[in-house]
Structure formats: C-alpha cells, structure tokens
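Residues per chain are reported as follows:
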Amino acid sequence: MKKILILLTLVALFFSACQKKDDTTKSNETINGVSITNPMKIDKNNQSITILAKVNGKYLTENTRHAVVFKDGKFGDKPVFIALANQLDFYKAMIEIGGVAGNNMTKQNATKTKVEGQKVNVSVTWNGAPKSYDINEVISDSNKLPIDMRFGGNEENSKKFNTGCIACLDSCAVGIISNHTYTFGAVEKRSEVVFHGNASVLPQDGTLIAVTFKL
Amino acid sequence: MNKLSLACFYAFCGLLLAICISLIISMNVWLEMRIHERLVIGVCVGLGILFSLFKRKTSPALFFVLQSLMFLLCFWFSKMDLIYYIIRNFYLSGISIFTIKIVFLSILTFFNGIVFFQIFVKKAKL
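For every chain, the first residue of the written sequence is number 1, and numbering continues from 1 onward in sequence order. As they are written, the chains are lettered A onward and the ligands numbered 1 onward, keeping that order. Whole-chain, interface and lining totals are the exception, using all residues; otherwise, since this is a predicted model, local features are given only for residues with pLDDT of at least 70 and side-chain atom pairs are given and counted only at 80 or more. Only heavy atoms go into the side-chain values, all of them from the structure, while hydrogens and water stay out.

1. Comments concerning the interface of chain B and chain A
By a widely used convention, the size of an interface equals the accessible area lost when the partners come together.
1) Next: The contact criterion used throughout is that any non-hydrogen atoms of two residues lie within 4.5 Å. The partner chain A presents 30 residues to the 31 residues of chain B that form the contact.
2) Next: Of the roughly 2700 Å² buried between chain B and chain A, counting both surfaces, carbon and sulfur atoms make up 64%.
3) Next: Buried area adds together the accessible area that both of two parts lose upon being put together, with accessible area traced by a 1.4 Å probe. Interface area lost by chain B to chain A is led by B:Val29, B:Met33 and B:Phe110, which between them contribute 21%.
4) Next: The term salt bridge refers to a side-chain nitrogen of Lys or Arg lying within 4 Å of a carboxyl oxygen of Asp or Glu. We note a salt bridge from A:Lys58 to B:Glu37, for which the minimum N-O separation is 2.3 Å.
5) Next: Secondary structure elements follow DSSP: runs of H or I no shorter than four residues count as helices, runs of E no shorter than two count as strands, and numbering proceeds from the N terminus. Of all elements in the fold, only α1 (3–25), α2 (29–34), α3 (37–52), α5 (82–88) and α6 (97–125) of chain B reach the threshold of two or more residues within the side of chain B that touches chain A.
6) Next: Element by element, the count of residues in the side of chain B that touches chain A is highest for α6(B), at seven residues.
7) Next: Its residues placed into classes, the side of chain B that touches chain A shows 16 nonpolar, nine polar and six charged. When residues are grouped by polarity, Ala, Val, Leu, Ile, Met, Phe, Trp, Tyr, Cys and Pro land in nonpolar, Asp, Glu, Lys and Arg in charged, and all others, Gly among them, in polar.

2. Some remarks on unusual backbone geometry
Glycine aside, residues mostly have negative phi, and peptide bonds are mostly found in the trans state.
Residue and element names in this part refer to chain A.
1) Next: Even without being glycine, Asn32 reaches a positive phi, approximately 50 degrees.
2) Next: Residue position: Asn32 is located in the loop between β1 (30–31) and β2 (34–35).
3) Next: In this model, Asn103 sits at a positive phi of 45 degrees, which is unusual for a non-glycine residue.
4) Next: With respect to the secondary-structure elements, Asn103 resides in the loop between α2 (87–96) and β7 (121–125).
5) Next: Note on classification: 1.4 Å probe, protein chains only; a residue is buried when its accessible area is under 20% of the maximum for its type, exposed when over 50%, partly exposed between these limits. Among the residues examined, Asn103 registers a relative accessible area of 47% and is labelled partly exposed.

3. Quick look at the nonpolar core
1) Next: Definition of nonpolar core: a set of buried residues of the types Ala, Val, Leu, Ile, Met, Phe, Trp, Tyr and Cys, connected through side-chain atoms within 4.5 Å. Grouped together as the largest cluster of nonpolar side chains are 47 residues, with contacts concentrated most on A:Ile51, A:Val68, A:Phe81, A:Phe90, A:Ile139, A:Met149 and A:Phe213.
2) Next: Here A:Phe81 is in contact with A:Ala53, A:Lys54, A:Val55, A:Ala67, A:Val68, A:Val69, A:Val124, A:Val138, A:Ile139, A:Leu202 and A:Ile209, once residues within four sequence places are set aside.
3) Next: If you look at the next biggest cluster of nonpolar residues, it comprises 36 residues, including B:Val40, B:Ile41, B:Ile97 and B:Val115.

4. Quick notes on the state of the cysteines
Put plainly, two cysteines are in a disulfide when a covalent bond ties their sulfur atoms together.
1) Next: Count a disulfide wherever a pair of cysteine sulfur atoms falls within 2.5 Å. Applying the stated criterion across every chain yields a total of zero disulfides over all chains.
2) Next: Here B:Cys74 stays free of any disulfide, with the sulfur of B:Cys20 as its closest cysteine sulfur at 8.0 Å.

5. A short note on the domain arrangement of chain A
Residues and elements named next belong to chain A.
1) Next: Taken domain by domain, chain A holds domain 1 (1–30) and domain 2 (31–214).
2) Next: With four residues of domain 1 at the contact, the number on the domain 2 side is 10 residues.
3) Next: Summed over both sides, the interface between domain 1 and domain 2 buries roughly 590 Å², with carbon and sulfur atoms accounting for 54% of that surface.
4) Next: Under the rule applied, a polar contact is a pair of N or O atoms within 3.5 Å (in protein, one hydrogen donor and one hydrogen acceptor; residues adjacent in sequence only if both atoms are side-chain atoms). At the boundary of domain 1 with domain 2, the tally comes to one residue pair in polar contact (both at pLDDT 80 or more).
5) Next: A class-by-class count of the residues in the side of domain 1 that touches domain 2 yields no nonpolar, two polar and two charged. Note: domain ranges come from an automatic or database domain assignment.

So, in structure tokens, the structure goes:
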C-alpha cells in the first residue's frame, strides 16, 4: 500500500514538474511573428495568414488525412500539425485577405468531387530551420503527386461539426482548406494514398512551427 | 491486498488492454481517424477499476498476458513508439514523449517487480 502511494506521488510530481518545464520553454518563443499569446498573424498586403502549430510526432510515421487541425477541435489529436489558432477565426482571416471560397463540397458529392476555390500556397518554418519549406517537402504523398491546396470554405459545416480542420489532405466538405488532388475517401476508405509527415525534414515532436497560407 | 492497491493494479491492466486495442485500431486508417485513444483508455481503465471491485487478489496471469500481447503487437506492427503517443493522447498533451516513455516504463517495471515478488518470492517462502 505504502509503496503504491509513494509511486503515485512520485509519478504525479514528475508529470507536473515536466509539464511546467515544457510550458516555460515554449511560452516566449516567436516564429515568423506568431507566438502562444498571438497564434495567428494576418498580412493583408501580402495576402497571407501565419498560424502557430506544433509538430505531432505520431503522424511522422502513421497515415493521416489531416494536415493542420485546431487543438481543441474534435480531430485535434489527428493531424501532422496541431494548430493553436481556431479554424473559424482562420476562415474569417481568409475572407479578410480576399480569399475566394469554392464551397462546392457536400456530404453527398464528396467522394466524386474535387474541392474548388482559390489556390493556397502552404509553407512551414520553425526557429533554426534553414529555410521555409513548402507543404510538399514536409508531408509525403505515397504516389508522389503534388499537394494542391484550395480554399474550400465550408464555414457552416466547420461550425456544425467543430472538427477543428484547417487543412485536409483530400477534398473535404468540412475543412477550410483541402487538397484538390484527391477526392474524399482516398485516404480512409479506398487506400489510394498514404500521407505522413516527413521525419527527415521536420523537427522533433512538440516543436512549435509557423504555418503560412498565402493566396 | 487492499482495495486501492487492487484498483491500481487492474487500472494498469486496463491501460495495457487499451494500448493493445489502440495498436490494433491503428492498422485501419478509417477507424484510427474516428476513435480517440483517450476514449479507449478511459473505458478500459474504468473497466479495470470496476473489475477490481469483484476481485480479492491480483491476477499475475492477466498482467503477463496483456503485457506480452502489447509487446507482440508492437513488434509485429513495428510501432514501438506509438505506445507513448497513445498514452499522451489521454489528456497529457503538454508532456513530452520522452517523459511519458520514462514514466510508463518505470511503472511497468514496478508492476513486473511486484508480480514477480508475489509469484516467486512468496512461493519460495512457503
């Protein structure tokens, strides 16, 4: 009994000590103008949005259809990059910088329709990175096809389902931005493609990164 | 063995079962994208605690079977590190994978020691 209580106390202390350390080391970090206190930067002149995110080490080896998802969304634990900015704020920011949404995806047509909308260039950088990497360099497609991100829109579905999805890797009726290259179901149902983060380029799990979306 | 110790033991067995289930789920992308590890862990640990209410002593066989199954799945699927990500997804997102690895392996070693002691040392005394 005593042994177990001592063990549980030690575990609790160890976890709480480590958690404090992790938060302290990251709270002051600023990358490309975004930080924990200010996780989204809108640049109207440059027509770009930068958001703060964390690398999710799980999906550097596992397959996923989620590129960027808000941490508090239903799928907040499923993307390669866990965003610290809300998906609905991101949608508003996309409209603010002049983005034209496709809004052509529905649940009914999803498996046969490719997402439309204005093209969006997605790039990623972090403190200590030699350059800003294009999304095609940091997320690998097993078919070697380019990731072609489009501003799908889907504001209503995003509110309704609250998945937190900002960028999906196949055409999506919920994600704000998604990949025109594949229709919905390519990853999960038809196994046409395998996506995961590029471990040889990306920093280790938990590293804060800045993801820039440019029209 | 008192009830708290039994609850801790079976809760840990529940965690091992949850890891095994999550490892199997990870083989199917559709399921993996829909089932959250925190839910699997919560249910299995809860069941473990509930199960402990009906037991009077620990079950070394159950512990060793679950532990062996977990390691076998990890080796077969080549997903050793996935264990720590599964545990982290149980509301431990602020903690580094390294910390989770150290703590989990320490607890696993501790329970192995306890079970080993119960089986072999007590029998030797008899």
